[in-house]
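Architecture and fold: a report
Residues per chain, in single letters:
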Amino acid sequence: MKMKNLILSLILLLPVVVCSCGDDDDDDLIGTWYRVSDFDGLARGFASSFTIGNKGYLVCGFDGGKTWMSDLWEYDMDQDFWTQKANFPGNPRDAAVAITIDDKGYLGTGYDGTDKYNDFWEYDPSTNSWEEKAPFPGSARYDAVGFGLPGKGYLGSGYDGNYLKDFYAYTPSTNTWEQIVSIGGSKRRGATSFVIDNIAYVCCGENNGEYISDFWKYDQSSAKWTQLRDIADTSDDDYDDDYSIVRKYGVAFVIDGAAYISCGESGSVRSDSWKYMPSTDLWENVAKFKGTARSATVSFSNGTRGYIATGKSSTYQFDDIWELHPYEYDDDEY
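The paragraphs below set out a description of the structure included in this document. The model shown is predicted, which means the values in this text are computed figures rather than measured ones. (Residues numbered from 1 in each chain as written. Predicted model: local features only at pLDDT ≥ 70, side-chain atom pairs only at ≥ 80, totals over all residues. Heavy atoms only, no water.)

Describing the sheet that holds strand β18 (residues 216-219)
Stated formally: Only when DSSP finds a minimum of two bridges between them are two strands counted as paired. Runs of E in the DSSP output that reach at least two residues are strands. Runs of H or I that reach at least four are helices, and both are numbered from the N terminus. Fitted lines through C-alpha atoms give the axes, limited to the stretch in contact for helices. The angle between two N-to-C directions lies from 0 to 180 degrees.
Strand order in the open sheet made by the four strands is β14-β15-β18-β19, with antiparallel pairing throughout. A strand with exactly one partner marks an edge of an open sheet, and here the two such strands are β14 (192-196) and β19 (224-227). Ignoring strand direction, the axes of neighbouring strands in this sheet form an average angle of 25°. Of the strand pairs in this sheet, strand β15 (residues 199-203) and β18 are connected by four bridges, and their pairing is antiparallel. The residue of β18 that forms the bridge with tyrosine 201 is lysine 217.

Structure follows, in C-alpha cells:
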C-alpha cells in the first residue's frame, strides 16, 4: 500500500502537458475584423456583388429554403448604411456572376433550382435602372467566375452539367461578346477572382470533388493567361509548407495593392484568411474572419477597404457584414 501511494504521489507531481496540435495562434496574425451595419435585406447565401466607387452592391441569392431572390441593395462604405435599389428584372437566381466595368455593374448566368441562365444585364447607378444586354454566348451555367478590366468584362468557367474552363470577353461600348483563350489548368466551379493594377487573378474552385490548387493571372494587354505558384503545398520549397488556401466559394477583395481571400469551404466551412502580394507571388496567413465560418458569401472592395457579407453554413443563412482592418492586431480572443 505504501508503494502504491508513493507512485500515486509521483504521478500527481508530473507536469500536465496540453496538446495544441493543429491550433492556430490567431492572436499573432495581423488584421482585425469589425462588424458593421447588418445587411437590411433577408439573410441569404450565393448572392452576387459588385463595387462602384465607395458603394457596394448585393443582388439576388437564395434563402436556403424555397426562395430565390432578385432584390438589389447598396451599401455606403463611408456612412455604413444600406439602401434598397431597383430589383433585378431578370428571373430570381443564385450563383450568378456580377462584375464592374468602369462605372456600371453587370450580372449574368446563375441558377434557380431548375433552370440555368446565360442572360446578361447592366445596372446604371446614376439612373437606378437595369437594361438587358447581349446574352452571354457560352452555355447557360452557374458557379462561374468573372472580373472587370478597363473597357471590358470577362466571364467563364463554372458548371452547366459539366465542369467548364471556357472564357469570354464583353465590350459594353459595342454590346458584343468574343470568346478568348480558355483559362489554363483545371476546369472549375466556385472559383475566386480579384483584380490588382488591371491584372486579373483567378484561383480556387472545385472539379469533380477535388479542390483546385493552380493559380492564374490574365493580362488584358497581351490577352494572355500566365500560371503562378500553386496555392497548396505542391513544391519542394519551404514557402508553401503551411499553405492551406484551396477551397470553393471563397471571396476576395483588394486593399492597398494586396488581395485577401477568406471563407468558402473544403470539406467544411472556412474562416481562415490569406493575403497575396503580386510582387512576390506569395501568400501569408492573416487573421481569420471573425464572423461564423461560412461559404457562399459576397465581398465589396474600393481598393482601400474590404468587406465580407451574408453567406451560409449548413442550414444557416447570414445577414451580417464585416470589414477587415489589415494593419491592426486583434487583442480579443476568438
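So much for the structure itself; the text now carries on.
Examining the environment of isoleucine 199
Applied cut-off: The classification of residues rests on relative accessible area computed with a 1.4 Å probe and restricted to protein chains. Under 20% of the type maximum is buried, over 50% is exposed, and intermediate values are partly exposed. Residues count as neighbours in contact if any of their non-hydrogen atoms are within 4.5 Å of one another.
One can find isoleucine 199 in strand β15. Isoleucine 199 sits in the buried class, given a relative accessible area of 17%. For the pair formed by isoleucine 199 and glycine 148, sequence separation is 51 residues and the distance between their alpha carbons is 9.7 Å. When near neighbours in sequence (up to four residues on either side) are disregarded, isoleucine 199 contacts Leu149, Phe194, Lys217, Tyr218 and Asp219.

Side note on the sheet that holds strand β11 (residues 152-159)
Pairing between sheet strands relies on hydrogen bonds along the backbone, with the strands arranged either parallel or antiparallel. Spatially, β10-β11-β12-β13 is the arrangement adopted by the four strands of the open sheet, whose pairing is antiparallel. Strands with a single pairing partner mark the edges of an open sheet, and in this sheet they are β10 (145-149) and β13 (176-180). Ignoring strand direction, the axes of neighbouring strands in this sheet form an average angle of 20°. Bridging between strand β12 (residues 163-171) and β13 involves five bridges; their strand directions are antiparallel. Looking at β13, one finds that tyrosine 170 is bridged to tryptophan 177.

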